[in-house]
Amino acid sequence: MVILYRRPDLTPSQFRHHLETIHAPLAKALPGLRSYKQNHVVQDGKRKHPGWDAIIELYFDNRESMEAAWSSPQGKASDADLPAFADLARTTWSIVEELTLLE
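A quick note: this is a predicted structure, and the numbers were derived from the prediction, not measured. (Residues numbered from 1 in each chain as written. Predicted model: local features only at pLDDT ≥ 70, side-chain atom pairs only at ≥ 80, totals over all residues. Heavy atoms only, no water.)

A.B. asks: Mind showing me how you'd approach empty space enclosed by the protein here?
C.D. replies: Unoccupied space between atoms shows up once a probe the size of one water molecule is rolled over them. The final tally for this structure, using the stated rule, is 1 cavity of 30 Å³ or more. What the largest cavity holds in volume is close to 120 Å³. Contributing to the lining of the largest cavity are 15 residues, with V2, H23, L58, S78 and L82 lying nearest its centre. For the lining of the largest cavity, the element with the most residues is helix α1 (residues 12–28), which contributes 3 residues. By residue class, the composition of the lining of the largest cavity is 12 nonpolar, 2 polar and 1 charged. (1 Å grid on protein atoms, 1.4 Å probe; cavity = no way out; pocket = protein on both sides within 12 Å on 5 of 7 lines; lining within 4 Å. Points joined across faces, edges and corners; volume = space filled by probe spheres on them. Helix = DSSP H or I, 4+ residues; strand = E, 2+ residues; numbered from the N terminus. Nonpolar A, V, L, I, M, F, W, Y, C, P; charged D, E, K, R; others polar.)

So, in structure tokens, the structure goes:
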């Protein structure tokens, strides 16, 4: 999971455009990637904005395949693109354990 914050000099629209059209193809090229999801904040007058701009979900078969993906040329290219649109001082990454409680 990646909690993405946009660079302060980009509008939400510019951030989203870069993430969807430039960064997504780089991420989708990661070897061993099984699923890739972008979750974007939607304006909602009933709720406070969470502060972050997107949550990214990347699914691999196991930790070894994930680590191999980030070490690959495709992983390095994906990482190299992050400063173009993400505020790396606030963006965070985490390996998570998913629990399905209702389907």
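A.B. asks: How should the packing of aromatic side chains be read in this particular structure?
C.D. replies: Throughout the structure, instances matching the rule amount to 1 aromatic pair. For the pair F15 and F85, a centre-to-centre distance of 5.7 Å together with 50° between the ring planes defines the contact as tilted. Of this pair, F15 sits in helix α1 while F85 sits in the loop between α3 (73–81) and β4 (92–93), and the two are 70 residues apart along the sequence. (Phe/Tyr/Trp six-rings, centres within 6.5 Å; stacked < 30°, edge-to-face > 60°.)

A.B. asks: Would you explain the environment of R6 in this entry?
C.D. replies: You can see R6 is positioned in the loop between β1 (2–4) and α1. According to the relative accessible area criterion, R6 is partly exposed, its value standing at 22%. When the C-alpha positions of R6 and A68 are compared, they lie 27 Å apart, and in sequence the two are 62 residues distant. The contacts of R6, once residues within four sequence positions are left out, are T11, P12, F15, D53, F85, A86 and D87. Polar side-chain contacts of R6 include one of 2.4 Å to the backbone oxygen of L10. (Buried < 20%, exposed > 50% of the residue type's maximum accessible area, 1.4 Å probe, protein only. Contact = heavy atoms within 4.5 Å. Polar contact = N/O pair within 3.5 Å; in protein donor to acceptor, adjacent residues only side chain to side chain.)

A.B. asks: Looking at this structure, I do not really get the pairing of strand β3 (residues 54–59). What am I missing?
C.D. replies: Regular strands have side chains that alternate between both faces of the sheet. With 6 of 6 residues buried, β3 is to be regarded as a mostly interior element. Residues A54, I56 and L58 point to one face of β3 and I55, E57 and Y59 to the other, with burial holding for every one of them. Sheet analysis places β1 next to β3, joined by 3 bridges and oriented antiparallel. Across the sheet, L4 pairs through a bridge with A54, a residue of β3. (Pairing = 2+ DSSP bridges.)

A.B. asks: Hey, could you run me through the pattern of salt bridges in this one?
C.D. replies: Working definition: two side chains of opposite charge can pair if their charged atoms are close together. What the rule picks out here adds up to 7 salt bridges. R7 is the partner of D9 in a salt bridge, and the nearest nitrogen-oxygen pair spans 2.5 Å. In this structure D9 comes out as exposed when scored by relative accessible area, which is 54%. D87 is the salt-bridge partner of R90, the closest N and O atoms lying 3.3 Å from each other. Look at D87 and you get buried, because its relative accessible area is 16%. (Salt bridge = Lys/Arg side-chain N within 4 Å of Asp/Glu carboxyl O.)

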